[in-house]
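If you want the building blocks of each chain, they are given just below.
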There are 2 protein chains.
Amino acid sequence: MSWIIRESGFDQERIAIYGNKFMSGNGYMGYRGTLDEFMRSELTATILAGLYDKVGDKWREPINAPNGLSTTVICDGVTLSVLEREPLEHEQELDIRHGVHRRRTVYPAKGGGTVTIESERFCSLQRLHLLVNRVTITSSQDCELIITTGIDGRIWDINGPHLERMEGTIQAGAQGETMTCTSWTHELNIPVTVSHSLACGFGKQRSVDSDDFLGKEIRLQAEAGKSYTFHKYVSVFTGLDEAADTITAAFKDSQEATEIGYEALYAEHTDCWERKWKESDVRIEGDDEAQLALRYSLYQLHIIAPGHSEKLSIPARGLSGQVYKGAIFWDTEMFMLPFFLYTQPGVARNLMMYRVHTLDGARRKAAEYGYEGAFYAWESQENGNDACTLFNVNDVFTGRPMRTYFRDKQVHISADVAYGIWQYFIFTGDDSILLDGGAETVLECARFFYSYAYYNSFKSRYEILDVTGPDEYHERVNNNAFTNAMVKRCLHVSLEVLDYLQSKYPDVAESLMVDSRIKPEQLRDMHERLYIPQPAEGTGVIEQFDRYFTLEDVTLEQLKSRVLNKHEYLGGGNGLATTTQILKQADVVLMLHLFKDEFSRAIKQRNWEYYEPRTEHGSSLSSCIYALVAADIGLSDWAYPYFKRTATIDLTGDSKQYVGDLYIGGTHPAANGGAWMAAILGFSGLRFDGESVSIAPSLPEAWSSVSFPLRLRGASFTVTIEADQVQVEAAEENKVSIEFRIKRRVGEGTEITDSEVAASLENVMAAPGQILSIAL
Amino acid sequence: MSWIIRESGFDQERIAIYGNKFMSGNGYMGYRGTLDEFMRSELTATILAGLYDKVGDKWREPINAPNGLSTTVICDGVTLSVLEREPLEHEQELDIRHGVHRRRTVYPAKGGGTVTIESERFCSLQRLHLLVNRVTITSSQDCELIITTGIDGRIWDINGPHLERMEGTIQAGAQGETMTCTSWTHELNIPVTVSHSLACGFGKQRSVDSDDFLGKEIRLQAEAGKSYTFHKYVSVFTGLDEAADTITAAFKDSQEATEIGYEALYAEHTDCWERKWKESDVRIEGDDEAQLALRYSLYQLHIIAPGHSEKLSIPARGLSGQVYKGAIFWDTEMFMLPFFLYTQPGVARNLMMYRVHTLDGARRKAAEYGYEGAFYAWESQENGNDACTLFNVNDVFTGRPMRTYFRDKQVHISADVAYGIWQYFIFTGDDSILLDGGAETVLECARFFYSYAYYNSFKSRYEILDVTGPDEYHERVNNNAFTNAMVKRCLHVSLEVLDYLQSKYPDVAESLMVDSRIKPEQLRDMHERLYIPQPAEGTGVIEQFDRYFTLEDVTLEQLKSRVLNKHEYLGGGNGLATTTQILKQADVVLMLHLFKDEFSRAIKQRNWEYYEPRTEHGSSLSSCIYALVAADIGLSDWAYPYFKRTATIDLTGDSKQYVGDLYIGGTHPAANGGAWMAAILGFSGLRFDGESVSIAPSLPEAWSSVSFPLRLRGASFTVTIEADQVQVEAAEENKVSIEFRIKRRVGEGTEITDSEVAASLENVMAAPGQILSIAL
């Protein structure tokens, strides 16, 4: 049963949480975990990846398509809806192995009987435009049923309505009637078509076509004990799709689905899911809770991963709504990319190609601020423009918009992008990404930093000034350790890219260098002389940014005791945290994770111990990093609670819902990716540097084993870690051998020298078909 | 009558304003313009220059000495106080020519009669420790008078009480009894002694010695129509004075004063004032209001000018109270120094030597922030430590202290200091200031900027980042035009100083260069390549700082319509002005004044026109600058209202009294100095560059002439400007001749080329004893 997520009973207060928790999706669209009878105020949404709109002067955000899965049932004049009638029984479940959502609700009927509604649905992973739904109604006594099912325009919108002019058409096809509803976005006039084919073998049907609903009404006299089942085949096409005409395409898709039928669609869909899991499933023995939470995290990633398009990436709230403008943040590169890199490099490539395709937007942003090169959007939409506003949060005390520096100052985003591209290349050896624009992107990012940096003549070093690091509570700081390290990494990557191209594609290298108007000597000089904050003498603590240590050193409790309004933003101009050492999320500690080779175990531990109590974990990007670094230094018991918090965030729904008066609820793909990182890069100690894999396990006490697949440089492996051995299985069909270095993490504590910490037990070549077992 | 300031009638609401308006002082102390019967809540204060104290963890501020001029009168059981009894007549006046304060109040007495109290007082300009007071009481009918007069501890304190343990002693001397009260400051245990000698030839006296009062009670049966006059000789000494023992010194001083007697003391005091005015009086014909306001402004400067000590400078609120911590700001160098430089170079030297004496404080501040050299205190007290806190203003909405960057980021202060020292040297030719530490100070300031600046490799220029310029509503900006220009000036001055010393005192130059660990090449390089924002193409407007033009361009009215609380601070973290182009005070326009040679008349006018409507004039340092630049471009009618506003600020009392919940009332010496600048440097177009004087008049329409003395390079001159001629009179006793260049400002408007603007009519040498008349 570690594949089923289930909730029994219905709680009005938790509608938004259910909606996130029971999400369906296939990367093309996300369908919130709402019920068939839900509408606008229940946050019903079908979010289409990469389609944005702007209404008036409100901010741009993804549009929700009209809800093709709307069904309401009236039994003997009484509406059967959990919103109106307390059910006798209610269950909602998600089969995450197969990407299938189910609900079953038993309502009391007049005269002591019951009516049961069962609904099963999925976003087809085989046919990305398709939503499929089966509804069964069973009454314990004879009754009159009126079923209204179709496409409902009454959906959730933050800055909408985006699709006002709904045009309905009814077309007859070989599989019967298909109703199609089309509307156009405000800003770019992009058509969005939802088609609806109903396969229903009972009752008297009539078409319903109102301002905000298009579908069928089915009336019947139901017999006691008999189950009435109908199927819905809903297809969504937009002007962004390759189809010339969305109406024809959607009509065709619905008709075809109807012809194939529910069972066959279900089978092909679940086959796709089985393949996904084969590439990615992590099996944990000994800890069922962790097993389910981790799988659930991967499920959340799978339903939003753009496997089909290199013009899409993953928004910070996935496809769970319009929150955070449906924008793509650094979350993708730093928190989600590793999972895809290690398991589904095709998705990883798409994610990074999205950045290549939005390079011009990044160039525009750099130019807007007077810099050269590419300054990536902090909140990126389909065009690469920065959707982030200068005033992100309203002051709860005055109601006034508050100037924040997310957009202007989180320059590390460009380094994160360059790093991601390089990672993709070294993981796969696929240099086509470099030739397809990746190399240019990397160089443009480096050039941006060259134009952004300043040289301190007095100290003979380059510095990165006036930035906001991961800890957004401290804006406009100088020499943020994380940012400087990432910039240095970006410069390094740009030099590596140039070296690679010069040796393999000298012409490409030359033309790039001409285009980019920056000399490798400049990059090299800056790379050599860029200041990276170092551990302080005595304490070993790395100062998060210049003068961080001079800030007030309060405890989190003290800080919270000063809060006057529970939604008040702790950062910004006058935020409570800004003048203290309290940080929003892992910052220096994130650097220790990313640059783990460059710091000793003792330094990592001291910084963990210093920063953890000062971290609010006010971002879902924080806990996993503390888990990773704790695991890295062998302290898996320190790491475990942070892993759990990360892996369960969308199961429990325990996360900040408001900042100021801004709603920020939804799913947390970065935390989902963080859960995988904590388990695999953390507890299992997995690393791949493009040459060899190293594994240095430090499993939580409860875990008797963990097993996971890898896809590296085109070859597949399965790694199984047990208490006393590591087993590596290389697939028969592999074309390359890869070296695995199995290490043992020796004990805990800072007394141990680094060379003892992860002593190499054995270096083995995993040749095709080989199964290697290395004792720990 | 253009020497008398007078108010008739008494208005309880205006007590604080009267206290500022009717200030007395002599540079050693300032005595607020309160009445004899006033105490703590009427803000009675005797502020001693350069004496600071700290109580508990509250901020350091000047201490008020116990009030030696306290007198209360009871007539037939009724207290004669304007606070308790509405007077029939009441007048308060200040003779600013002689530095004498008078009050005359007629109270109704029982049975229809009247009692008149007249009190005249002065802070002796001849004897700086001495306060002298004459009180006369006349009743229209027989009555019983009880007069209590002495030293009152019930005085104004913001962060006090500073002087709790008052120890009273009574000593008999040749001139009768002198009562002495001594107390000690909290922080440094510095004794403050106030002695009180009463010369009173009537009534029955008895000593009164309570916790907060030491003095005499005089009882008498007053005869109708007879005037009863007594005299008080009050002397103040502190542990900062050279005297070994403050009690003995004060006793001696009081006794001596008593012996000399009121009339003789008065005469020597007014003689001193006559000399002051001879050195500084500006005579305006045709505009009595301006005449009085300007003289009053100079009066305010005279009473706080530290003529006697080079360890003192002038606080931002003069000696009018404890506001702004009694601290010295850039106000002194940029707004007050010119008046003294042109008229009383001895005072100017003291002001600049104060900076030399506080160099170590500036070094400590630089080191605290990780810089080299001298970073002068934004709010400087006697020790040069920065009294400015990091949280200067409380947020009116939350009551929380708000982080401000006055202390950290107003780096221009060090350039202002270096500039002031150099100005003193070129005005006087007195190189002793350079040898006495001035050269070292200048170099340390330059060195500070070298360590503060960054080199932009991309743009091949030095920049000054992360500063707050004069417009404090925009904190932490990059390349503030004013700051960059001042830094460049500082570097220039440092190179000039080195050149001068190398040619005249090569040994001194060498040892300085060794000590300062900075190479002239570095200063020269930075001087050459420092970025100074230039007029924008097309508009000619100089951007106040990087990206200022991208800020919201609202009108002042729009901004004010957003205000929710009348005391809310418009700057700081979330202040309303921070995200707009509204500035607190002249910033770019101040640069245009200071660097007037470097910009054309057209540029000056365009910037004036751009920035003036965007200026709140929320600082008393603003109006005079707009007056100066308007006059400079020949638009004296534009300049005039700003001159008037500047010159009358302490007469009308129209100025901000609160920022957040912080009281900021008091006198405005910078505006007082600004009034002189506007009249003389502005309307009269006076300049001295160390070699020659230029005069380019542009008098307000009403002014038929203006006449003023000058003291340059040890020589005295009187300049008289009339509509059709300029007359320069060189004193007989002058030892040097100085060239005067008389210019005519041609017309108005930007059409006129700069060479036409101020066409040189005649260059004349003013040799000793010569009177030159040049027709305009």
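Residues numbered from 1 in each chain as written. Chains lettered and ligands numbered in written order. Predicted model: local features only at pLDDT ≥ 70, side-chain atom pairs only at ≥ 80, totals over all residues.

Each helix and strand in chain A was counted, giving 20 helices and 33 strands. At 27 Å, chain A has a C-alpha radius of gyration in line with the 28 Å of a compact globule built from 776 residues. Reported as C-alpha extents along the three principal axes, the dimensions of chain A are approximately 85 × 60 × 60 Å. The 776 residues of chain A split such that 56% are buried. Considering only contacts in chain A between residues 6 or more positions apart, those separated by 24 or more positions represent 68%. (Helix = DSSP H or I, 4+ residues; strand = E, 2+ residues; numbered from the N terminus. Rg over C-alpha atoms; globule rule 2.2 N^0.38 Å. Buried ≥ 20, exposed ≤ 12 C-beta atoms within 10 Å, placed from the backbone. Contact = placed C-beta atoms within 7 Å.)

Looking now at the sheet that holds strand β13 (residues 167-173) of chain B. Residue and element names in this part refer to chain B. With respect to topology, nine strands assemble into an open sheet ordered β1-β8-β9-β10-β11-β18-β15-β14-β13, the strand pairing being antiparallel. On the outer flanks of this sheet lie β1 (4-8) and β13, each paired with one strand and no other. Pairwise comparison of adjacent strand axes, ignoring direction, gives a mean angle of 15° for this sheet. The pairing of strand β10 (residues 114-123) with strand β11 (residues 130-139) spans nine bridges and is antiparallel. Paired with T116 across the two strands is T138, which belongs to β11. Here helix α2 (residues 246-260) sits on the sheet in contact with β11, β13, β14 (176-184), β15 (191-200) and β18 (227-238), set at roughly 25° to β15. (Pairing = 2+ DSSP bridges. Axes fitted to C-alpha atoms, helices over the stretch in contact; angles between N-to-C directions.)

On to the relation of the copies chain B and chain A. Taken as rigid bodies, chain B and chain A are interconverted by a rotation of 180° and an axial shift of 0.1 Å, the fit giving an RMSD of 0.1 Å. Taken together, the turn and the small shift mark the pair as related by a two-fold rotation axis. When C-alpha distances to the rotation axis are compared across chain B, the minimum falls at B:G573, with a value of 1.9 Å. Interface residue correspondence from chain B to chain A reaches 100%, placing this contact among same-surface, isologous pairings. (Least-squares fit on C-alpha atoms with pLDDT ≥ 70 in both.)

Let's shift gears to the interface of chain B and chain A. With 21 residues of chain B at the interface, the matching set in chain A holds 21 residues. Elements with a minimum of two residues in the side of chain B that touches chain A: β21 (401-403), α10 (432-452) and β22 (454-456) of chain B. The dominant element in the side of chain B that touches chain A, judged by the number of residues it contributes, is β22(B), at three residues. Classifying every residue of the side of chain B that touches chain A by side-chain character gives eight nonpolar, nine polar and four charged. (Nonpolar A, V, L, I, M, F, W, Y, C, P; charged D, E, K, R; others polar.)

Residue and element names in this part refer to chain A. We note that the domain assignment places domain 1 (4-279), domain 2 (321-533) and domain 3 (705-775) within chain A. One C-alpha centre belongs to domain 1, the other to domain 2; they are set 40 Å apart. Contact with domain 1, which involves 13 residues of that partner, is made by 10 residues of domain 2. Elements with a minimum of two residues in the side of domain 1 that touches domain 2: β4 (46-53) and β5 (61-64). Sorting elements by how many residues they give to the side of domain 1 that touches domain 2 places β4 first, with three residues. In terms of residue class, the side of domain 1 that touches domain 2 is built from eight nonpolar, one polar and four charged. (Domains from an automatic or database assignment.)

All names here are of chain A. With numbering matched to this structure, UniProt assigns "binding site: substrate" (unreviewed entry) to W330, D331, K584 and Q585. For W330, the location among the structural elements is in the loop between α4 (288-302) and α5 (331-343). Of the residues examined, W330 has 23 C-beta atoms within 10 Å and is grouped as buried. With near-sequence residues (within four places) excluded, W330 lies in contact with I413 and D416. Within the secondary structure layout, Q585 lies in the loop between α14 (556-561) and α15 (588-594). (UniProt positions renumbered as here; feature names shortened; annotations may be inferred.)

All names here are of chain A. When helix α12 (residues 506-516) is considered as a whole, its buried residues turn out to be A509, L512 and S516. Across the axial projection of α12, the buried residues extend over an arc of 65°, all falling on one side. Of the exposed residues in α12, those oriented more than 90 degrees away from the buried face are P506, D507, E510, V514 and D515. In the core, the buried residues of α12 are packed alongside α10 (432-452) and α11 (481-504). Looking at the residues trailing α12, positive phi occurs at R517, about 50°. (Arc of directions from axis to C-beta.)

Now for the pairing of strand β20 (residues 391-394) of chain A. In this structure, β20(A) lies alongside strand β21 (residues 401-403) of chain A, joined through three bridges in antiparallel fashion. The residue bridging A:F391 from the neighbouring strand is A:R403, located in β21(A).

What follows covers the sheet that holds strand β30 (residues 725-730) of chain B. Residue and element names in this part refer to chain B. Read from one edge to the other, the open sheet built from five strands follows the order β19-β28-β29-β30-β33, with strand pairing classed as antiparallel. Of all the strands in the sheet, just β19 (283-285) and β33 (771-775) have a single pairing partner and so form its edges. Each strand of the sheet is rotated relative to its neighbour by a mean of 15°, with strand direction disregarded. Two strands pair when backbone bridges link them, and β30 and β33 are joined in this way by five bridges, in the antiparallel orientation. Bridge pairing links Q727 to S773 in β33.

A separate point is the nonpolar core. Ranked by internal contacts, the top residues of the largest apolar core, which has 435 residues, are A:A418, A:C490, A:A678, B:A418, B:C490 and B:A678. Leaving out residues up to four positions away in the same chain, A:A678 has contacts with A:C624, A:A627, A:L628, A:A631, A:A639, A:F643, A:T646 and A:F683. (Core = buried A, V, L, I, M, F, W, Y, C linked by C-beta atoms within 7 Å.)

Residue and element names in this part refer to chain B. In contact at an axis separation of 9 Å, helix α6 (residues 345-357) and α10 are set at 55° when each is read in the N-to-C sense. Judged by the angle between their axes, α6 and α10 are oblique. Handedness of the α6/α10 crossing: left-handed. Between α6 and α10, the residues in contact are R349, M352, M353, R355 and V356 and I433, D436, G437, G438 and T441, respectively. For the contact of α6 with α10, the residue count by class is four nonpolar, three polar and three charged. (Parallel < 35°, antiparallel > 145°, perpendicular 65-115°, else oblique. Left-handed = near helix turned anticlockwise from the far one by under 90°.)

Our focus in this paragraph is the UniProt feature "active site" (unreviewed entry) in chain A. Residues and elements named next belong to chain A. With numbering matched to this structure, UniProt assigns "active site" (unreviewed entry) to E472. Note on placement: E472 falls in the loop between β23 (461-463) and α11. Discounting residues that sit within four places of it in the chain, E472 has contacts with F406, G571 and K584.

A few words now on the confidence of the model for chain A. When pLDDT is averaged along chain A, the result is 95, and 98% of the positions lie at 70 or above. Predicted complex metrics record ipTM = 0.91 and pTM = 0.93. (pLDDT = per-residue confidence, 0-100.)

A few words on helix α5 (residues 331-343) of chain B. Residue and element names in this part refer to chain B. When the terminal C-alpha atoms of α5 are compared, their 18 Å separation across 13 residues agrees well with the 18 Å that a helix rising 1.5 Å per residue should span. The sharpest bend along α5 comes to roughly 55°, located at L337, with the proline P338 sitting one to four residues further on. Within α5, 13 of the 13 residues are buried, leaving the element largely enclosed by the surrounding structure. (Expected span 1.5 Å × (residues − 1). Bend = angle between axes of the 7 residues up to and from the residue.)

Remember that side chains alternate between the two faces of the sheet whenever the strand is regular. Residue and element names in this part refer to chain A. On strand β30 (residues 725-730), burial follows the alternation: V726, V728 and A730 on one face are buried, whereas Q725, Q727 and E729 on the facing-out side are not. With five bridges joining them, strand β29 (residues 715-722) and β30 adopt antiparallel strand pairing. Along β30, the bridge assignment pairs I721 with V726. Linking β29 back to β30 in an antiparallel pair, the connection comprises two residues.

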